[in-house]
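Okay, here's what each chain looks like letter by letter:
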Amino acid sequence: MSKAVGIEIVGVNLSYGSTHVLKNVDLAVRPGEFFAFLGPSGCGKTTLLRLIAGFAQAQTGQVLLDGQDVAPLPPWKRDVGMVFQSYALWPHMTVAKNVAFGLEERRLPRAEINRRVAQALDLVGLADYAGRRPAQLSGGQQQRVAVARTIAIEPKVLLLDEPLSNLDARMRVSVRRELRALQQRLGLTTIFVTHDQEEANTICDRIAVMDAGIIRQVGTPMELYENPANLFVASFLGSANILDGHATGDAFEVVGGMRLPLPRGVVAPTGAKLVFRPQHASLTSSVASPLHGPVTHREFLGATVRYAIRVGDSEILVDAPFQSVGELRDVGDPVGVDLPPQRALYLAA
Amino acid sequence: MALAGTRSAGQATLALAIALFLGVFLVVPVATVIYVAFTEKGGGALTLINFLDFARTDLFVRSFWNSVYVSAMTVVWASALALPLAYLTTRFEFRGAMLVQTLGFLPLVMPPFVGAVAMQLLFGRNGSVNLLLDGWFDFKIGFMEGLNGVIFLQAIHYFPFILVNLSAALRNIDRAMEEAAQNLGSHGLRLFRRIALPLALPGYIAGASLVFVKVFDDVATPLLLNVKEMLAPQAYLRITSIGIDDPMGYVISVVLIGVAVATMWASAQVLKGKDYATTQRGGGGLARRKLKPRESVLAYAVVILILALVLAPHVGLLLLSFATVWSFSPLPDGYTLAHYARVLDDSSVYIKNTLLYSSLAAAIDVAIGGAIAYLVLRTRLPGRQWLDWAASTALAVPGVVLGIGYLRAFYGVKLPDGTPLAALWIVIVLAIAIRRLPYALRAAYAALQQISVSLEEAAENLGATKARTVRRIVVPLMTGGLLAGFVTSFATAAVELSAVLMLVQSNFDAPLAYGLYVLMQTPAGRGAGAALGVIAVIIVAVCMGVAQLAADRSQRARGLDI
């Protein structure tokens, strides 16, 4: 395998008619990295992927593969392997023919083609299925054929467009592990497009969170979860309580008049809101806490119990470990919410 | 349970009535033809002797192979015309695309026999094109020599069947299918050949087999071009010149049916397991590429050339209808309105008959087609599928065969005053209705399939009986689709000739297509024949426009309502 290649996106703007799909996108994917584009549908993540593959044209900016601008290259000259969401296996060809296609287009000698087809199918564990038609395979097998077809041409980078979305829940978990293992073995720079944060968190080295054509934050899954840079990332990754308010001197005043002292050195930016995760707060019986109110709702989740507490006009979620039925709070009980100051985040949009 | 009993009793009565109609006017005539072909002449014994005679007669064997050759070559040439157009319109941003798509309606507007004589004048040995070629470059092209003429005429008339099917198939290919190929290094024509074309093969085969069968069954076009040694014309000539008792006409009919069935069976075999549509998710096709200036010029040249060919019969017909004398010259010597005056004077009975026959036939088709669609899609009546199959077999029965069947089956049936049933004009209507029934049936299926069953269940839930639900919910919602089916049946019935040719007993009962055929036989009648042809084209074109409008409107109404 040739050496892994980095991808750089520099100042990219892309519009379809009056719709501005990608806005000033800058991004660097490191060689050999398993990288995710994560965001809700319509955020531009697939468009960005298609831009790299050459299926979309940017109005401004550059896409650099291994430092080289690929703008003048049509899709068929980019050597960028893409696995399509629908897999796009050609139904009129056998599995082997599908995998051989890209090699035939490169006019490789027949013996070389046969060797590499066998190797690619071996790699995804489908050596026995070479003669089958795609329609005779299960969804997971089809997905592996699509991957084999792409890696057979030994692309510079591998692009995966929601490759797990057509699989059932159980398959997804095993296939994503296989994908990760395969990527590690090949050392291939890989971009994975998904709207599912669990998929991105479990297999990717780093994630770019996208929203409305903008990259909102780039980081490792844990960095993004622990230190979201803005309200979008905080609310998109996991559950978060978000309370309106404003900074007054050394405290943050939540709407409703309750004041939380700001720890030394913490500054709430303008327009900031208070953000914290349900599992970082705890419930107390004393209503001396700045955040307090009655329990309005209770959900038993197994290991934890999720309480909803009405605080002013807002509702706060707090996860408490489940100990015993006797220790449960009832709907209507007045409670206080205890929040360690270092767990409180003050984020703007 | 009592309610369910009466309900299915009503449905059963309806189904039996339709079965009876199809039995008497489709199954019996066709069965008669087959039976006669397999029985000894004069006697009643079953025999294969007639088929042996057929195989031993050089004329028939030659005619058979001529028909095969003409049909196959028509498919080849029609494909050669359709392929570049389909590729251009589905894969490139191309202004001419709309123009090309409207070509799709032309063969419905005018069947090939109508323009046959006009095409002789344009492309014949001494036609306009060859006169010009001879004058300028000293050579002629035998466009219209013998079988070539039939192939030429049929190909430019029928290539849109391939074009429409192929373009639709190309458009329905999931764009990821082609993007994946590009991603792996393929592009341009090579990509088209390796990915798009194989995936569009079902559409191509559907169009090509239809063209093959239509050309094989056509009686009038070869006859008007004076080509007699083809199978369908032989069937007609045999019955009309030797008589209704001669078994050869029946043997040829069985061969025609056999070829139609075999073609459809073969295309079904080829397509088996290739129904790619179900394995493809999103439609849309590949993003269309802009043509470079030089490519653009080439593309327009191709489109304009093909368009000129397609319009040639229409232009020729129009010229002929206004021409005083047109012979051995590129254009007519002078122009006149006399032919139209003559047609409207003498031949208005043809037009009147056509309007009457076609509207009756179309009404019968819509009523029966709608009823069969309802019985098949909405009831659990045992055997309902048979109605559909029976009605659809009409597709495999050439018009000339149906005509012969009617003659044989109904000539012996006499009315109280002694006239044979087969001589009544209503028999012509019934033959046309049977011929067009499959089209109306498809339209009715399409219309009914778009109506969610829950709309009917809601009506029943609110207390409407089955019959009232059909009247108040189903029929109003199907109106647009049924209307489109009516107009399509009407328009194509207006130019139906091959069955009519067998059944017309007197000019007084003849429809327009027949009058046109008779007039076109003589040089003196050509002008009037062409005028009649232009009138037919106008009637049909107006109808197609109305059908399109009706279909569009009902689509839109549904969009608003639901």
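Residues numbered from 1 in each chain as written. Chains lettered and ligands numbered in written order. Predicted model: local features only at pLDDT ≥ 70, side-chain atom pairs only at ≥ 80, totals over all residues.

> Just checking my understanding: could you explain the overall build of chain A for this structure?
Tallying secondary structure elements over chain A gives eight helices and 21 strands in all. Principal axes of the C-alpha set define a box for chain A whose edges measure 80 × 50 × 35 Å. Counting across all 349 residues of chain A, residues that qualify as buried make up 41%. (Helix = DSSP H or I, 4+ residues; strand = E, 2+ residues; numbered from the N terminus. Buried ≥ 20, exposed ≤ 12 C-beta atoms within 10 Å, placed from the backbone.)

> Could you clarify how one ought to interpret the environment of B:Leu46 in this entry?
Residues and elements named next belong to chain B. Residue position: Leu-46 is located in the loop between helix H1 (2–37) and helix H2 (49–56). What makes Leu-46 exposed here is the crowd of 10 C-beta atoms within 10 Å. Those residues in contact with Leu-46 that lie beyond four places of it in its chain are Phe-38 and Thr-39. (Contact = placed C-beta atoms within 7 Å.)

> Looking at this structure, I do not really get the domain arrangement of chain B. What am I missing?
Where interface size is given, it is often the accessible area lost as the parts come together that is meant. All names here are of chain B. On domain assignment, one finds that chain B holds domain 1 (1–36 + 356–504) and domain 2 (58–336). Its C-alpha centre places domain 1 at a distance of 30 Å from the equivalent point of domain 2. The partner domain 2 presents 22 residues to the 20 residues of domain 1 that form the contact. Contributing elements (two or more residues each) for the side of domain 1 that touches domain 2: H1, helix H18 (399–411), helix H21 (466–494) and helix H22 (498–503). The class makeup of the residues in the side of domain 1 that touches domain 2 is 16 nonpolar, three polar and one charged. (Domains from an automatic or database assignment. Nonpolar A, V, L, I, M, F, W, Y, C, P; charged D, E, K, R; others polar.)

> Is there a simple way to think about the domain arrangement of chain A in this case?
One can read the domain layout of chain A as domain 1 (7–228) and domain 2 (241–347). The C-alpha centroid of domain 2 of chain A is placed 41 Å from the C-alpha centroid of domain 1 of chain A.

> Just checking my understanding: could you explain unusual backbone geometry for this structure?
What is expected of a backbone is that most residues other than glycine have negative phi and most peptide bonds are trans. Residues and elements named next belong to chain A. Positive phi values are uncommon outside glycine, yet Asp-79 reaches one of about 55°. Tracing the backbone through its elements, the reader meets Asp-79 in the loop between strand S5 (68–69) and strand S6 (80–83). Phi angles above zero are rare outside glycine, and Glu-154 is one such case at about 50°. As for its placement among the helices and strands, Glu-154 is situated in the loop between helix H4 (139–151) and strand S7 (157–161). Judged by local crowding, Glu-154 falls into the partly exposed class, with 17 C-beta atoms found within 10 Å.

> I'm lost on helix H19 (residues 425–449) of chain B in this one. Help?
In an α-helix, one turn spans 3.6 residues; hence positions three or four apart end up facing the same way. Residues and elements named next belong to chain B. Taking 1.5 Å of rise per residue, the 25 residues of H19 would be expected to cover 36 Å, and the 35 Å separating its terminal C-alpha atoms lies within 8% of that figure. The largest bend in H19 is about 45°, located at Arg-436, with the proline Pro-438 one to four residues further on. Among the 25 residues of H19, 18 are classified as buried, and the element is accordingly described as predominantly covered. (Expected span 1.5 Å × (residues − 1). Bend = angle between axes of the 7 residues up to and from the residue.)

> Help me understand the pairing of strand S2 (residues 19–29) of chain A in this model?
On a regular strand, one side chain projects to one face of the sheet and the next to the other, so that they alternate. All names here are of chain A. Relative to S2, strand S1 (residues 7–16) runs antiparallel, the two being bridged by seven bridges. Residue Val-12 lies in a different strand from S2, and its bridge partner there is Val-25. From the end of S1 to the start of S2, which pair antiparallel, there are two residues, and Gly-17 there has a positive phi angle of about 60°. (Pairing = 2+ DSSP bridges.)

> Looking at this model, I keep getting lost on the sheet that holds strand S17 (residues 291–300) of chain A. Mind explaining?
Strand pairing within a sheet occurs via backbone hydrogen bonds; the two strands may be parallel or antiparallel. Residue and element names in this part refer to chain A. Read across the sheet, five strands follow the order S16-S20-S17-S18-S19 without closing on themselves; strand pairing throughout is antiparallel. Only two strands of the sheet have a single partner each, and these edge strands are strand S16 (282–284) and strand S19 (314–321). Neighbour-to-neighbour, the strand axes of the sheet open up by a mean angle of 50°, direction not taken into account. Alignment of strand S18 (residues 304–311) against S19, held across eight bridges, turns out to be antiparallel. Across the sheet, the residue bridging to Arg-306 is Asp-319, located in S19. (Axes fitted to C-alpha atoms, helices over the stretch in contact; angles between N-to-C directions.)

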